[in-house]
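Structure at a glance
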Amino acid sequence: MHLARTARAAQAGRRKDLARAAAWLSRQVDRVSMAAAAALAAGMTVTLGLQVLFRFVVRSPLSWSEELARYCFVWLASLGAAAALRRGLHPALELGTTGQQGRGRPRWQILGELSAGVFLLVVAVYGWRLAAFNMRQVSPAMGLPMGVPYAAVPTAACVMLLHLLARWSSPGEDGGEP
Amino acid sequence: MSALAGLSGLVLLLLGVPIPFAIGLGSALGLGYGGLPLTLLVQRIFSAQDSFHLMAIPLFVLAGALMNEGGMSERLVGLADALVGRLRGGLLHVNILSNVFFSGISGSAAADASAVGSILIPGMQRAGYRRELAAAVTAAASLIGPIVPPSIPMILYGVEAGVSIGKLFLAGAVPGLLLAAAQMGVAAWVARREGLPAGRPASSRELWAALRRAAWAAGMPLVILGGILGGVFTPTEAAAVAVFYALAVGWLVHRELNAARIARALAETALTTGVVMLMIGVTEALAWILARERVPQVLAERVAGLGWSPGLVLLAVNLLLLLIGVPLEPAPALLILVPVLMPMVQRLGIDPVHFGVVMVLNLVIGLVTPPVGASIFVVAAISRVPILAMTRAMWPFLAVSIAVLLVVTYVPALSLWLPSLAGP
C-alpha cells in the first residue's frame, strides 16, 4: 500500500521532471533559434547590400552573393516558422470572433496540435532523407553541399515538434511568449 | 489525389487547424493516396522558399520595422498633420494620408494599422473624436498600404502568376491613390455629418519644419520606386537598399535607432517571415498536386464553356473573392487561388497585371470586412473598441472601397497606364 503510493508518487515526480526538462529544452532551443534567425536576417541583408554595391559601385558583380542570401533566407524562414509556432502565431481560418487577438488557445488546441504533429513528423522524416541524399550534390556558385540548405526544413520540423511536446507535457504552463 | 488533398485540407481548415498545418497535412495525405513519394512534399516546400523574388518580403518587413523603431513613422504623421490637419475632421484625413506615406515603405496592412493607429487613435480621442470612428478610419485606411507600392501581396501574386513584380508595383500606384482620395471624400462627408472640428491650420513655417523633419522618411519611397522604375534594382535589391536607408536615417539622422531596437526589428522580421514562408511552402505543395492533375486547366475550360464575357467573369470572381477574403488572409488566399485562376485569366485574355491589382485590392478589403480580419483585430486591440461598434462606423469607408474595386476592375487603364510608361 505504502510502497505502491511512493512508487506512484515517484512516477508522477519523474513525469514532472520530464515535463520540466522538455519545457526547459524548448525554451533554450527557442532562444538559440531566434538569435540565429535574427543573425541570418542581418546576414541576408548585408549580403544583398554587398551585391548591389559590387554591381553598381565597384562594377564587378559577385558570383556567390545571391546564392548565399537565398540559403540564409531558407534557414531564416524555417527558424522563424519554428519560433512562430511557440508563440502561437500561425494563423487559422477566422470563423467567428472567437479567435480574435489570439488570447487563450481556442479550438486549434487538440486537433490542431495533433495535425501539426503528424505533418511535422512526415516533414522531419522525409526531410532528413532528402537532405542526406542531397549532401552529395553541390550548389552551383559556392560549391556548398545542397544538403545544408535542404536541412533547414526538417530542422525546423524537429524544433516545432519539440515545442509541441513541451506544450503537451506541461499543459498548464503556456509556452507562449509575450 | 487533388480532391483528397483539397478536401482534407479544407475540412482541417474549417475545424480551426492553423492554415499551414491544415494545407500541409492535406497535401501529405494527397501525395500518400496518389502513391507518390512523400519526399516530394519537402521538395516542394524547399523549392518554394528558395526564391530570390520572395526574399523581398523579409526585407520590406525589416525596412518597415526599422522605420518604426527609427522615428520615421511619427515624423510622417507629423507631415500629414501639417498638410491636411486644417480640414474639417482633419484627423480623419491625417490618418488616411499617413497611410499613403507609410505604404510607400511597409506594404503590409496590419503593420500600417498598428503603426498609424498607435500614434493617431489616442490623439483623435483627445481631440474629441468618437473612439469608434477613430478605430474605423484607421482600419479602413490601412487598405491603402498593400495597394500602393511596395506591397507584400503584390510580390506573392507576381511570384505565383509569373508576372513582373516591378510592373505590379507600378500598377498599384494609381488605384492606391484613388482609394485614398475616395476614402478622404467619405471622411469629409462623415466630418460634416458629425460636426467634427477643423484642426488649427499650420503656418507656412510649421509646414516647412514638418516637411524638413519628415524629408528623409518621405524620400524612402523615391529610392525604392525610382530604383525599380529606372530598371536599376530588382525589387529584392530595392528592398535591401530600403533596409540600409531606414538604418542610416534612423541611426545617423534621427538618432533614435540603437542595438536593442535593431534587434527587436530583426526578431519581428524573423517571426513574420517564418509565418508567411511556411504558408508559401505548403501551398506550393498543394498547387503542385492540383497542377499535376490539371485542375486549373479544367476550371479554365469550364468557365470558358459558360460563354460569359470577361466582364461578367470578373464580376463573379470579385464576388467570390470578397467572400473568401473575409475568413482568409490575403497571403494564403493568393497562394492557393492564383495558380488555380491563372489559366482562366489567360484564356479570357485578361491582362495578368490588371488582374493582380484587382485580386490584391479585393482580398485586402477582406482584412477590414467585419467580423474578422487582421487589420480589424489590430485596431480593436489598440483602441479597445469592440468590433461590432467599429463596424457601424466602418461601413461608409468599406462601401467606398468596394466601389473603388469595381472601378479598378472595369477601367484597366487605371492599373495599366503607369506600367506602360515604364516600357516592356
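Residues numbered from 1 in each chain as written. Chains lettered and ligands numbered in written order. Predicted model: local features only at pLDDT ≥ 70, side-chain atom pairs only at ≥ 80, totals over all residues. Heavy atoms only, no water.

1. Side note on the overall build of chain B
Put simply, the rule is: Strands here mean DSSP runs of E at least two residues long; helices mean DSSP runs of H or I at least four residues long; both are numbered from the N terminus. Every radius of gyration here is taken over C-alpha atoms, with the globule rule written as 2.2 Å times N^0.38, N being the number of residues. Under the scheme applied here, a residue whose accessible area is under 20% of the maximum for its type counts as buried, over 50% as exposed, and between as partly exposed, the area being computed with a 1.4 Å probe on protein chains only. For this analysis, residues touch if any pair of their heavy atoms sits within 4.5 Å. Residue exposure ignores everything except the shown protein chains as possible cover, and the areas themselves are Shrake-Rupley values with a 1.4 Å probe. In this tally, Lys and Arg are treated as positive and Asp and Glu as negative; His is ignored, and so are the chain termini. Charge positions come from single atoms, namely NZ of Lys, CZ of Arg, CG of Asp or CD of Glu.
When helices and strands are counted, chain B shows 21 helices and zero strands. Taken over the C-alpha trace, chain B has a radius of gyration of 21 Å; the compact-globule value for 424 residues is 22 Å, and the two agree within 12%. If you line up chain B on its principal axes, its C-alpha atoms span 70 × 45 × 45 Å. Burial analysis of chain B (424 residues in total) assigns 61% to the buried set. Counted over contacts in chain B with a minimum sequence separation of 6, partners at least 24 positions apart contribute 80%. When the accessible surface of chain B is split by element, carbon and sulfur atoms take 67% of a total near 15,100 Å². Distance between charge centres in chain B, computed from 23 positive and 17 negative side chains, equals 9 Å.

2. Describing the overall build of chain A
Of the regular secondary structure elements, chain A holds five helices and zero strands. The linear arrangement of helices and strands in chain A, starting from the amino end, is α-α-α-α-α. Taking contacts inside chain A between residues at least 6 apart in sequence as the whole, the part at least 24 apart equals 74%. Summing over all exposed atoms, chain A offers an accessible surface of approximately 9,400 Å²; the carbon and sulfur share of this is 66%.

3. Here we look at the pattern of salt bridges
What counts here: Salt bridge, as used here: a side-chain nitrogen of Lys or Arg that lies within 4 Å of a carboxyl oxygen of Asp or Glu.
Under the criterion given, the structure shown has 16 salt bridges over all chains. Here D17 of chain A ties to R20 of chain A by a salt bridge, and the two come within 3.9 Å at their closest N and O atoms. Of the two residues, D17 of chain A and R20 of chain A both sit in helix 1 (residues 2-58), three residues apart, roughly one turn of that helix. When its relative accessible area of 45% is taken as the criterion, D17 of chain A is described as partly exposed. Overall, the relative accessible area of 54% leaves R20 of chain A in the exposed class. A salt bridge links R264 of chain B to E69 of chain B, with the shortest nitrogen-to-oxygen separation between them at 2.7 Å. Highlighted residues: R264 of chain B in helix 14 (residues 259-292) and E69 of chain B in helix 4 (residues 56-69), separated in sequence by 195 residues. Classification of R264 of chain B by relative accessible area gives partly exposed; the value is 48%.

4. Topic: the interface of chain B and chain A
Spelled out, the test is: Buried area counts how much accessible surface, traced with a 1.4 Å probe, disappears from two parts once they are put together, with both parts' losses summed. N or O atoms closer than or at 3.5 Å make up a polar contact, with two conditions inside protein: a donor-capable atom paired with an acceptor-capable one, and, for residues adjacent in sequence, both atoms drawn from side chains.
Residue-level contacts link 58 residues of chain B with 59 residues of chain A. For the pair chain B and chain A, the summed buried surface comes to about 5,100 Å²; carbon and sulfur atoms form 80% of the total. By the criterion of area lost to chain A, the three top residues of chain B are F21, F46 and L271 of chain B, representing 14% of everything that side buries. Taken together, chain B and chain A are joined by two salt bridges. With its nearest N and O atoms 2.9 Å apart, the salt bridge here joins D50 of chain B to R70 of chain A. Here chain B is connected to chain A by five residue pairs in polar contact (both at pLDDT 80 or more). The leading source of residues in the side of chain B that touches chain A is helix 14 of chain B, at eleven residues.

5. Concerning the nonpolar core
To keep it simple, the criterion reads: Throughout, nonpolar core names a set of buried Ala, Val, Leu, Ile, Met, Phe, Trp, Tyr and Cys residues whose side chains join them through atoms within 4.5 Å.
In terms of nonpolar packing, the biggest core is built from 207 residues, with Y157, M359 and M390 of chain B touching the most fellow members. Take this core: its biggest share by element is 13 residues, from helix 14 of chain B. Setting aside residues no more than four positions away along its own chain, M359 of chain B makes contact with Y157, L321, L334, L337, V338 and L341 of chain B. If you look at the next biggest cluster of nonpolar residues, it comprises five residues, including A83 and A84 of chain A together with L271 and V275 of chain B.

6. Here we look at the layout of surface pockets
Residue and element names in this part refer to chain B. Put simply, the test is: Using protein atoms alone on a 1 Å grid, points that fit a 1.4 Å probe yet trap it form a cavity, whereas open point sets bounded by protein on both sides within 12 Å along at least five of seven lines form a pocket; residues with an atom within 4 Å of a point count as lining. Grid points are joined across faces, edges and corners, and a volume is the space filled by probe spheres set on the points. Residues are grouped as follows: Ala, Val, Leu, Ile, Met, Phe, Trp, Tyr, Cys and Pro are nonpolar; Asp, Glu, Lys and Arg are charged; every other residue, Gly included, is polar.
Taken as a whole, the second largest pocket encloses approximately 820 Å³ of empty space. Lining the second largest pocket are 32 residues, with L10, L320, I324, I336 and L337 sitting closest to its centre. Where the lining of the second largest pocket is concerned, the elements lending two or more residues are helix 1 (2-14), helix 14, helix 15 (295-305), helix 16 (310-325) and helix 17 (330-347). Here the lining of the second largest pocket is built from residues that sort into 29 nonpolar, three polar and no charged.

7. Overview of helix 10 (residues 152-161) of chain B
Residue and element names in this part refer to chain B. Counting buried positions along helix 10 yields nine of ten residues, so the element is predominantly enclosed. The complete set of buried residues in helix 10 reads I152, P153, M154, I155, L156, Y157, G158, E160 and A161. Of the surrounding elements, those touching the buried residues of helix 10 are helix 4, helix 9 (144-147), helix 11 (165-194), helix 14, helix 17 and helix 18 (352-368).

8. Some words on the environment of G117 of chain B
Residues and elements named next belong to chain B. For G117, the location among the structural elements is in helix 7 (residues 109-126). For G117 and V411, which are 294 residues apart along the polypeptide, the C-alpha to C-alpha distance reads 32 Å. Ignoring any residue separated from it by four or fewer positions in sequence, one finds G117 in contact with D112, P122, T138 and I382.

9. What to know about the confidence of the model for chain B
Formally: Values of pLDDT, which run from 0 to 100, indicate the predictor's confidence residue by residue.
For chain B, the mean per-residue pLDDT works out to 90, and 99% of the residues sit at or above 70. Complex prediction metrics read pTM 0.88 and ipTM 0.87.

10. Considerations on empty space enclosed by the protein
If you walk through the whole model with that rule in mind, you get one cavity of 30 Å³ or more. By volume, the largest cavity amounts to about 110 Å³. Considering the residues around the largest cavity, the lining is formed by 15 residues, among which V153, A156 and M160 of chain A together with I45 and L278 of chain B are closest to the centre. Elements represented by at least two residues in the lining of the largest cavity include exactly helix 2 (65-86), helix 3 (108-133) and helix 5 (152-169) of chain A together with helix 3 (39-49) and helix 14 of chain B. In terms of residue count, the dominant contributor to the lining of the largest cavity is helix 5 of chain A (four residues). Residues that form the lining of the largest cavity fall into these classes: twelve nonpolar, three polar and no charged.

11. Some thoughts on the packing of helix 4 of chain B against helix 10 of chain B
Residue and element names in this part refer to chain B. Basically, it comes down to this: Note on definitions: angles span 0 to 180 degrees between N-to-C directions of axes, and those axes are lines fitted to C-alpha atoms, for helices only across the stretch in contact. Any angle between 65 and 115 degrees counts as roughly perpendicular, while under 35 counts as roughly parallel, over 145 as roughly antiparallel, and the rest as oblique.
Contact geometry of helix 4 with helix 10 gives a least axis separation of 10 Å together with a crossing angle of 175°. Here helix 4 lies roughly antiparallel to helix 10, going by the angle between them. In this structure, helix 4 contributes A56, I57, F60 and V61 to the contact, and helix 10 contributes I152, I155 and L156. The residue makeup of the contact of helix 4 with helix 10, split by class, is seven nonpolar, no polar and no charged.

12. Quick notes on the packing of helix 6 (residues 90-103) of chain B against helix 11 of chain B
All names here are of chain B. It is the contact of helix 6 with helix 11, at a shortest axis distance of 9 Å, that shows an interaxial angle of 170°. Of the possible angle classes, the one that applies to helix 6 and helix 11 is roughly antiparallel. Touching L92, H93, I96 and V100 of helix 6 are L177, A180, Q183, M184, A187, A188 and V190, all from helix 11. Looking at the contact of helix 6 with helix 11 residue by residue, the class counts come to nine nonpolar, two polar and no charged.

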